[in-house]
Amino acid sequence: TGKALENKIATFRAQPGVIPVLKTHFDAVSVANNHSGDYGKTAFLETLQHLEGAGIRYFGGGRNLAEAHVPLWIETKGLRIAVLGYNEVKPRSVEAGANTPGVAWSEDDHVIRDIRTARKAGADLVIPFMHWGWEYDEAPSLRQRELAHRMIDAGADVVVGGHPHVVQNAEIYRGRLIVYSLGNFVFD
């Protein structure tokens, strides 16, 4: 549904027919990225409905702001894991509002609050998954490093990032892993 709303270099959409293929390889996906709103709020809602219909869990977005900030809970081997997803790559029009669908925007105070809330809710591990950084930069920015450290200080166990389309370095901070960018799952 819809047409491209932003004057962007690239807009992405996929046919619903790819959902069964996605389902064979993934149990959950982050919808917190700068392309989730390429075709508008209605198309974003359709994406969520297709994922739900296939039983693919998602995080980092929702039908409203509160839902966008709900962690994906994974229970395995006696552990409760909370995975949170955030986007900080423009356009900001993809951000969820109080009563409008979209993604969880990476506002530092909200990210820190969500980490602490997940920990208080019984998370043994808290993993924020960040959509951040500049495309093709091989090193994280000062902003990424500072926020990653703040997330660890707030109680995150691992910080994982993506968006730059290249692998960026990892570091251990206070005994916890930060991977700034995993690169692309599929490279062209």
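Residues numbered from 1 in each chain as written. Predicted model: local features only at pLDDT ≥ 70, side-chain atom pairs only at ≥ 80, totals over all residues. Heavy atoms only, no water.

(A) Here's a closer look at unusual backbone geometry. Of the consecutive residues Lys90 and Pro91, the connecting peptide bond is found in the cis state with omega at 20 degrees. Mapped onto the elements, Pro91 comes out in the loop between β5 (79-87) and β6 (102-103). We note that Tyr136 has phi near 70 degrees; this positive angle belongs to a residue other than glycine. Structurally, Tyr136 is set in the loop between β7 (125-131) and α5 (142-154). Residue classification places Tyr136 among the exposed positions, given a relative accessible area of 54%. Phi is positive for Arg174, which is not a glycine, with a value near 50 degrees. Among the secondary structure elements, Arg174 is positioned in the loop between β9 (170-173) and β10 (176-179). (Helix = DSSP H or I, 4+ residues; strand = E, 2+ residues; numbered from the N terminus. Buried < 20%, exposed > 50% of the residue type's maximum accessible area, 1.4 Å probe, protein only.)

(B) Region of the structure containing the nonpolar core. Of all hydrophobic cores here, the largest spans 24 residues; its most connected members are Ile115, Met130, Trp132, Ala148, Met151, Val159 and Ile178. Residue contributions to this core peak at five residues, all from α5. Ignoring any residue separated from it by four or fewer positions in sequence, one finds Ala148 in contact with Trp132, Val159, Ile178 and Tyr180. Grouped together as the second largest cluster of nonpolar side chains are 12 residues, Leu48, Ile56, Val94 and Trp105 included. (Core = buried A, V, L, I, M, F, W, Y, C linked by side-chain atoms within 4.5 Å. Contact = heavy atoms within 4.5 Å.)

(C) Representation of the environment of Gly78 in the model. Mapped onto the secondary structure, Gly78 falls in the loop between β4 (72-76) and β5. Taking relative accessible area as the criterion, Gly78 reaches 72% and is therefore assigned exposed. Separated by 40 residues in the primary sequence, Gly78 and Ala118 place their C-alpha atoms 17 Å from one another.

(D) Focus on the pattern of salt bridges. Using the criterion set out here, one finds 13 salt bridges in the structure. The shortest N-O distance in the salt bridge between Arg92 and Glu95 comes to 2.7 Å. We classify Glu95 as partly exposed; its relative accessible area is 24%. Note that Arg92 is salt-bridged to Glu107, the shortest N-O span being 2.3 Å. Pair noted here: Arg92 is in the loop between β5 and β6 and Glu107 is in the loop between β6 and α4 (108-120), with a separation of 15 residues, a long-range link. Relative accessible area serves as the criterion here: at 37%, Arg92 is assigned to the partly exposed category. Glu107 gets classed as partly exposed once you look at its relative accessible area, which sits at 30%. (Salt bridge = Lys/Arg side-chain N within 4 Å of Asp/Glu carboxyl O.)

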